[in-house]
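Residues per chain, in single letters:
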Amino acid sequence: MLFSESVVDDMAALGRWKCTWRNCGAVLGNLRQMESEGQVLLFSTILLQIHRTACRSSPGGPTNKQTPVSDSRSFVLNACFQLACYAFKCFQKPKLKQMNINADYSQRVVINHNELPWIASPEPGVERRMLERQGDEVAKATSIVRYQPGSKFQMHTHDLGEEIFVLDGVFSDETGDYSAGSYMMNPPGFSHAPFSEPGCTLFVKLRHLGPGQVEREVIDTKSATWYQGMVPGLNVMPLMQQGSGSTLVKWAPKTYFNPHRHHGGEEIFVVDGVFEDEHGRYPAGSWIRSPHMSMHKPFSKEGCTIFVKTGHLLS
Ligand SMILES: [Fe+2]
Ligand SMILES: [Fe+2]
């Protein structure tokens, strides 16, 4: 919280003072162009000070909406009120400091997201569980993201792309509505303002793509084709086909794979069923990240579907 308590008290007092939006258009227009919190804070603080000075010289103070003031003073008072509210709203939004979660790719990580807390995002009704993260609000990250019914996210651009797999509900943006089982790769430079009418839960990877991904890829995995895998009982569905790629893999019950080594590492999210190897048992919701040159001999006694990426963990 960057405001002192006295300033917050001032804003609470201002909140009781009725005013119109009309006079403040020009000032707010300037404010919206400010990109940093520091600029907003400085501008707001200056105007709050003007407001205090104006109040001291105005009979009745700011809480008296009948206070007779000149047009110019009325403009300043209105501007102060709107700016204070705007800045207060800005600083009330949850903000993340630089954080590193499971950021060392040389380490093996096993997490079931159902055991993690939901962390608020800057948008009301949108929360995430952080599997790995390097950065602040703009981060290279892998997360489970939950949209409450009717929630939305402001327009944003993915400078380094994103991958989304819809786990449940319906995810929407300007390009369409995507139900459970939908996969999207939005390449670097893609912009959208996502929302969800009924709510949804997503597996999301952010800021991990580059010039190798150019064309947007969208696949409905409920209807796309499965191909025979390398052993009986294994079926594969290519997802992202540009760069190191992503694949959905379906294991029939009692399927056993060959021992293998992961050049560039391997990342698995268990969509349903139970995936296993000699290191452990991973029920639905598990995320397993294995480092460069790691080895295992995977199998599934009960059957499962997993989202897999390989070869992307060298840096
Ligand atoms: Fe996005
Ligand atoms: Fe593997």
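About the thresholds
- Residues numbered from 1 in each chain as written.
- Chains lettered and ligands numbered in written order.
- Predicted model: local features only at pLDDT ≥ 70, side-chain atom pairs only at ≥ 80, totals over all residues.
- Helix = DSSP H or I, 4+ residues; strand = E, 2+ residues; numbered from the N terminus.
- Buried ≥ 20, exposed ≤ 12 C-beta atoms within 10 Å, placed from the backbone.
- Contact = placed C-beta atoms within 7 Å.
- Pairing = 2+ DSSP bridges.
- Core = buried A, V, L, I, M, F, W, Y, C linked by C-beta atoms within 7 Å.
- pLDDT = per-residue confidence, 0-100.

## Observations concerning the overall build of the protein
The helix and strand inventory of the protein stands at four helices and 25 strands. Counting across all 315 residues of the protein, residues that qualify as buried make up 31%. Partitioning the intrachain contacts of the protein with sequence separation of at least 6 by distance along the chain shows that 68% fall at a separation of at least 24.

## Side note on unusual backbone geometry
With a phi close to 60°, Arg207 is a non-glycine residue in the positive phi region. A tally of 17 C-beta atoms within 10 Å means that Arg207 is categorised as partly exposed. Notably, Lys254 is not glycine yet its phi reads approximately 65°, a positive angle. Take Lys254: it is sitting in the loop between β17 (247-251) and β18 (255-256).

## Points about the pairing of strand β13 (residues 200-206)
Buried residues dominate β13, accounting for five of its seven residues. Where strand β5 (residues 139-147) lies against β13, seven bridges are found, and the strand directions are antiparallel. From the neighbouring strand, Ile144 faces β13, where its bridge partner is Phe203. Two elements, strand β8 (residues 162-173) and β13, share seven bridges in a ladder whose sense is antiparallel.

## A closer look at the nonpolar core
Membership of the largest hydrophobic core comes to 38 residues, with the highest contact counts inside it found for Phe165, Val166, Leu202, Phe269, Val270, Ile306 and Phe307. Setting aside residues up to four positions removed in sequence, Phe165 forms contacts with Tyr183, Leu202, Phe203 and Phe307.

## Let's talk about the environment of Glu132
Within the fold, Glu132 resides in strand β4 (residues 126-135). Sequence separation of Glu132 and Lys205 is 73 residues, and the distance between their C-alpha atoms is 9.4 Å. With sequence-adjacent residues up to four places away left out, Glu132 is seen in contact with Ile101, Asn102, Ala103, Ala141 and Thr142.

## Looking at the environment of Met130
Along the chain, the position of Met130 falls in strand β4. Remark: the alpha-carbon pair of Met130 and His113, spanning 17 residues in sequence, is separated by 8.1 Å.

## Here's the deal with the confidence of the model for the protein
The share of residues in the protein with pLDDT of 70 or more is 69%, and the mean pLDDT across the chain is 82. In this model, residues 58-69 is a region of pLDDT below 50 whose contacts with residues beyond four sequence positions or in other chains number 18 contacts.

## Examining the pairing of β8
Side-chain positions along a regular strand alternate between the two faces of the sheet. The element β8 is extensively covered by neighbouring structure, given that 10 of its 12 residues are classed as buried. Sheet analysis places β8 next to strand β9 (residues 176-179), joined by four bridges and oriented antiparallel. Looking at the pairing, Asp173 lines up with Gly176 of β9. In this antiparallel pair of consecutive strands, β8 and β9, the connection spans two residues.

## Here's the deal with the environment of Gln213
Its place among the elements puts Gln213 in the loop between β13 and β14 (217-220). By C-beta crowding, Gln213 is classed as buried, having 23 other C-beta atoms within 10 Å. For the pair Gln213 and Gly243, spaced 30 residues apart in the sequence, the C-alpha separation amounts to 6.3 Å. If we skip the residues at most four places from it in the chain, Gln213 touches Gly161, Met185, Pro187, Pro188, Gln242 and Gly243.

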